[in-house]
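# Structural overview for review
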Amino acid sequence: MAILYFFLALFLAAPAAAIDANQLLKQVDRNLAPASYEMYRKLINIEPNGRKKEFVLFSVKKGKDKVAALFLSPASDKGRSTLRVEDNMWLYIPNVAKPVRITSLQSVVGGVFNNSDILQLDYADEYDAIKLEDQGKEYLLHLKARTKTVAYDQLRMWVDKEKVSPTRIECLTEASMLIKTLYFKDIKDFGAGIVRPAVVETDSPLYKGFKSVMMFANVRVRDFPDEVFTLTFMPKLESLRQGQ
Amino acid sequence: MITQIFSLRRLLLSFLIFFYAGVLSAEDFAFDLSEIEKKPYSFGGFIEFRPVLFGLDREAAFYRLRYFDQDQKNIRDEYNLGLRLEGSYEKGAAGVYFRTDSTLGYDDQDWNDDTVLGEGYLSLKPATGFSVNAGKRVVPWGKGYAFNPAAFVSRPKDIDDPTEALEGFYLIDADIIKSYDGPLKTLAFTPVILPVTDDLNDDFGEADHLNFAAKLYLLFRDTDLDFMFFTGASRTTRYGFDFSRNIGTNFEVHGEAAWITDFEKQNIDSQGRLTTETADILQALFGIRYLTANDITYIVEYYHNGGGIEVDDAENFYEFVDRAYDRFLAAGDSSQLARAAQLSRGTLAASRPMRDYFYFRASIKEPFDILYVTPAITSIVNLNDQSLSLTPELAYTPITNLDIRLRGAFLTGARQTEFGEKQNDYRLELRVRYYF
């Protein structure tokens, strides 16, 4: 009978932990950004000798599956835009042609960030939390991609218990090989209840000595019509920007 | 002497400042809000220097057609300066946009210059899902990277540089977009009106006609689908279709087809006579884009041009040029060469004039951890006569907004083949472009 109780407890405990972990993941998502928003980001690729290349982007997101970004600088990239609807991604280059499909593992900016980092959806929409570890001041969430189309098969996410905000995320392949690590820094109040890290740094064993940094500004709740997130609207994203 | 040393030091200092302007401590990050300030206007462009060296093939048909009455030479060089200006101004739902390209070139001991309005139009966006544009505009249709048979209202791409901006046509177009939940996520309709007169769009087709085109776009079950249509008296009626879909995180497939009614297929006989026959033809392509684990991107396309010149007709043309050249050498009579040059226009001098082509491009991003360096190799194969071009290139962005590209194009093929009869055996090109 004791053995039966043990297995019953184990059977019931496992899903309970998973549910808690997924709820925690959803809370992390909401603390990182509202479900629908606009924001500005600066991406900085830093070479081992300290030389850097910067990009400034205006990004908009709606719900769980639509996100778009417009390059504001440098001049050589100004006007480019990227769009993601679920797992579909496109790149539009002004003057050149119609938007072309791109894949999540490519990078339109070079450096350590790839397209899925730039056009990121909520973690909870792409990953299942399969394990939760209590590590004192932090939780460690083990996440598994829901589908094969997600850029990283596994994530290990360290979450600050007090702020319910990630401090570090390791991105791994299916074979548990580390692709890159994201470090979340400089918690900042963006207003309207949005308190999140203002800086995300990343490095990768695949790019030894290189580092990429993403900085956030003017993160605001904003709703958009669905038509904004279409190929036809990609050349017109600039019209969404408002005076700062 | 002291002044000279001082000047040298100042020069060295300027040099160091120029090359290390972007070097800062890795921790020295700043996000100045002035960088994201919204302005009603924008202005930018680039300046470009592009010297080109051509290795000429003195036995080739197109060399003879161009240089038959000039001093014979093995190489030719040209130097090109380019300036692109583009800008926009927005007020409320209205905006104006322009793009101009100016070139100054030195070629065969002659200077030439040109300025082209690439685009210049007025745009009205009364609602997110509705906009209207009027003016000179590029309306790019189709999913092909190197070929776009279904781009019914735009000029053909330069296959040697398919990502370069095109010159538009004067037209009125609109976009009507609707989004949905469910398998059909997006529906967009783009009607186009394109007039042709003696002064407007005169290179599009027959003058004094109003032409109509339209495209219906669907994002259906994660697949891009387009259906196109063109009708009007300037060109014959044609129907188009394309698709594109990601079938993995690193694999995209696309295809495009155009059915052109009453197309005038051209035939050339052994006497250099051009005849045409009218038929409905199919132009189609299928392609993939694939990214490997070590960051090599492959773009591969097969293109079938149902209206292209047949191998026998191409051989007839090249034989006609040979005889015309022999006649010029023997009797100084260039009339047949002039006729051959006339014949080549619209046939074998056109871009990809024959039936079946294979396009291949492989580029590797930042190999050996060298940031901002992208080597690539491109090949275009004429599958009908087995001639081909091979183009290795190296692109480098040493500092922000400065793009440097070095490329060579090597043409190979037997006599009486497309690439074997081009005027060049090879071409070396440096392009230095600074954006502002």
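Throughout, a residue's number is its position along its own chain's written sequence, starting from 1. Here chains are named by letter from A upward and ligands by number from 1 upward, in the order in which they appear as written. Thresholds applied to this predicted model are a pLDDT of at least 70 for local features of residues and 80 or more for the giving and counting of side-chain atom pairs; totals over whole chains, interfaces and linings are not thresholded and use all residues. Excluding hydrogens and water, the side-chain values take into account all heavy atoms of the structure.

The next subject is the overall build of chain B. By the criteria applied, helices consist of DSSP H or I runs no shorter than four residues and strands consist of E runs no shorter than two, each listed in order from the N terminus. Within chain B one finds four helices and 18 strands. Along the first, second and third principal axes, the C-alpha set of chain B runs to 75 × 75 × 50 Å. Contacts are residue-level and defined by heavy atoms, with any inter-residue pair within 4.5 Å sufficient. Excluding contacts between residues fewer than 6 apart, the proportion of contacts in chain B whose partners are at least 24 apart in sequence is 53%. Summing over all exposed atoms, chain B offers an accessible surface of approximately 21300 Å²; the carbon and sulfur share of this is 59%. Here chain B contributes 44 positive and 66 negative side-chain charges, whose respective centroids are spaced 3 Å apart. Only the protein chains shown count as cover for residues, with accessible areas throughout obtained via the Shrake-Rupley method and a probe of 1.4 Å. Lys and Arg are tallied as positive, Asp and Glu as negative. Neither His nor the chain termini are counted. Positions of charges follow a simple convention, taking NZ of Lys, CZ of Arg, CG of Asp or CD of Glu.

Our focus in this paragraph is the overall build of chain A. Scanning chain A from N- to C-terminus turns up three helices and 13 strands. In chain A, the proportion of contacts linking residues at least 24 apart, taken out of those at least 6 apart, comes to 46%.

As a further point, take the environment of B:Asp69. Residues and elements named next belong to chain B. Inspection of the secondary structure puts Asp-69 in the loop between helix H2 (61–67) and strand E2 (75–91). Three labels apply to residues, based on accessible area from a 1.4 Å probe with only protein chains included: buried if under 20% of the type maximum, exposed if over 50%, partly exposed otherwise in between. You can call Asp-69 exposed: its relative accessible area is 52%. Placed 247 residues apart in sequence, Asp-69 and Asn-316 show a C-alpha to C-alpha distance of 23 Å.

Moving on, we get to the interface of chain B and chain A. The interface of chain B with chain A comprises 72 residues on the first partner and 68 residues on the second. Across the interface of chain B and chain A, roughly 5700 Å² is buried in total on both sides, 56% from carbon and sulfur atoms. Two parts placed together each lose some accessible area; with a 1.4 Å probe, that loss summed over both constitutes the buried area. Together, B:Phe29, B:Phe31 and B:Thr249 form the three largest contributors to the area buried by chain B at its contact with chain A, with a combined 13%. Within this document, salt bridges are pairs made up of a side-chain nitrogen of Lys or Arg and a carboxyl oxygen of Asp or Glu, the two lying within 4 Å of each other. At the surface where chain B touches chain A, the tally comes to five salt bridges. Residue B:Lys38 pairs with A:Glu238 through a salt bridge whose shortest N-O separation is 3.2 Å. Counting of polar contacts relies on pairs of N or O atoms within 3.5 Å, with two restrictions inside protein: one atom must be capable of donating a hydrogen and the other of accepting it, and residues adjacent in sequence are counted only when both atoms are side-chain atoms. If you look at where chain B meets chain A, you find 17 residue pairs in polar contact (both at pLDDT 80 or more). In this count, Pro and Cys sit with the nonpolar residues alongside Ala, Val, Leu, Ile, Met, Phe, Trp and Tyr, while Asp, Glu, Lys and Arg are called charged and the others, Gly among them, polar. Taken together, the residues that form the side of chain B that touches chain A break down as 25 nonpolar, 21 polar and 26 charged.

Our focus in this paragraph is the confidence of the model for chain A. Interpretation of the predicted coordinates at a detailed level should be avoided for regions scoring low in pLDDT. Confidence scores here are pLDDT values: one per residue, from the predictor, ranging 0 to 100. Chain-level pLDDT for chain A is 86 on average; 90% of the residues reach the 70-or-more range. Within chain A, the lowest mean pLDDT, 66, falls on helix H1 (residues 2–32) of chain A, and the highest, 95, falls on strand E9 (residues 154–160) of chain A.

So, on to the pattern of salt bridges. Considering all chains together, one arrives at 61 salt bridges over all chains under this definition. Taking the shortest distance from any N to any O, the salt bridge between A:Lys62 and A:Asp226 comes out at 2.9 Å. Here A:Lys62, found in strand E2 (residues 52–62), pairs with A:Asp226, found in the segment after strand E13 (211–221); they are 164 residues apart in sequence, far enough to count as distant. Each of the salt bridges in this network shares a partner with another, and the network as a whole consists of B:Glu48, B:Arg50, B:Asp161, B:Glu164, B:Arg361, B:Glu393, B:Arg405, B:Arg407, B:Arg427, B:Glu429, B:Arg431 and B:Arg433.

Take unusual backbone geometry next. Here the amide bond leading from A:Ser73 into A:Pro74 is cis, since omega sits at 5 degrees, within 30 degrees of zero. For A:Pro74, the location among the structural elements is in the loop between strand E3 (66–73) and strand E4 (81–85). With phi around 65 degrees, A:Ser176 is a residue other than glycine that occupies positive phi space. Summarising the element assignment, A:Ser176 is placed in the loop between strand E10 (165–172) and strand E11 (178–189). Overall, the relative accessible area of 43% leaves A:Ser176 in the partly exposed class. Although it is not a glycine, B:Asp208 adopts a positive phi angle of roughly 65 degrees.

Take helix H4 (residues 335–344) of chain B next. Residue and element names in this part refer to chain B. Listing the buried residues of H4 in full gives Gln-336, Leu-337, Ala-340, Ala-341, Leu-343 and Ser-344. An end-on view of H4 places all buried positions within 160 degrees of arc, on one side of the element. Lining the buried residues of H4 we find H2, strand E11 (251–268), strand E12 (274–291) and helix H3 (311–331). Count one or two residues on from H4 and you reach Gly-346, which has phi positive near 85 degrees. Relevant arc is that of directions from the helix axis to the C-beta atoms, nothing else.

The subject of this paragraph is the nonpolar core. Formed by 49 residues in total, the largest nonpolar core has its most connected members in A:Tyr123, A:Leu141 and A:Met157. If near-sequence neighbours (up to four positions away) are discounted, A:Met157 is found in contact with A:Leu25, A:Val28, A:Tyr123, A:Tyr139, A:Leu140, A:Leu141, A:Leu143, A:Pro166, A:Arg168 and A:Ile169. To form a nonpolar core, buried Ala, Val, Leu, Ile, Met, Phe, Trp, Tyr and Cys residues must be joined to one another through side-chain atoms within 4.5 Å.

The next thing to look at is the packing of aromatic side chains. Working definition: rings of Phe, Tyr and Trp (its six-membered ring) pair if their centres are within 6.5 Å, and the pair is stacked with planes under 30 degrees apart, edge-to-face with planes over 60 apart, and tilted otherwise. Counted under the stated rule, the structure contains 22 aromatic pairs over all chains. Between B:Tyr145 and B:Tyr359 the ring centres are 5.9 Å apart and the planes differ by 50 degrees, which places this aromatic pair in the tilted class. Here B:Tyr359 lies in strand E14 (residues 356–364) and B:Tyr145 lies in the loop between strand E5 (130–137) and strand E6 (169–179), a separation of 214 residues in the sequence. We classify B:Tyr145 as buried; its relative accessible area is 15%. Since its relative accessible area comes to 1%, B:Tyr359 is described here as buried. Judged by centre distance (5.5 Å) and plane angle (70 degrees), the rings of B:Phe317 and B:Tyr318 are edge-to-face. In this pair, the class of B:Phe317 matches that of B:Tyr318, namely buried. Each residue in the set B:Tyr145, B:Phe147, B:Tyr303 and B:Tyr359 is aromatic and connected to the rest through ring pairs, giving one cluster. For a lysine, the NZ atom is tested; for an arginine, the CZ atom; a charge sits over a ring if that atom is within 6 Å of the ring centre and within 35 degrees of the ring normal. Here the basic side chain of A:Arg168 rests over the ring of A:Trp158, its NZ or CZ set 3.8 Å away from the ring centre.

Further remarks concern the pairing of E14(B). Two faces belong to every sheet, and in a regular strand the side chains alternate between them. Strands are treated as partners if at least two bridges between them are detected by DSSP. Of the pairings in the sheet, the one linking strand E13 (residues 296–305) of chain B to E14(B) comprises nine bridges and is antiparallel in character. Note that in E14(B) the partner of B:Ile296 across the bridge is B:Ile364.

Residues and elements named next belong to chain B. The topology assignment puts Met-354 in the loop between H4 and E14. Through-space distance from the C-alpha of Met-354 to that of Ile-309 is 4.6 Å; in sequence the pair is 45 residues apart. If we skip the residues at most four places from it in the chain, Met-354 touches Asn-305, Gly-308, Ile-309, Glu-310, Val-311, Ala-314, Leu-348, Asn-382, Asn-384, Asp-385 and Glu-418.

A contiguous nonpolar patch, built from B:Phe43, B:Ile47, B:Leu83, B:Phe98, B:Leu117, B:Tyr170, B:Tyr434 and B:Phe436 and spanning about 690 Å² of accessible area, is present on the exposed surface. Structurally, B:Phe436 is set in the segment after strand E18 (424–435). Patch membership requires over 30% relative accessible area and the absence of a salt bridge. Like charges are linked within 9 Å, and nonpolar side chains (Val, Leu, Ile, Met, Phe, Trp, Tyr) within 5 Å.

Moving on, we get to the pairing of E18(B). Residues and elements named next belong to chain B. The pairing of strand E1 (residues 41–56) with E18 spans nine bridges and is antiparallel. Pairing of Leu-56 across the sheet is with Asn-424, part of E18. Bridge analysis of strand E17 (residues 402–412) against E18 gives nine bridges, and the strand direction is antiparallel. Within E18, the residue paired with Leu-406 across the bridge is Leu-430.

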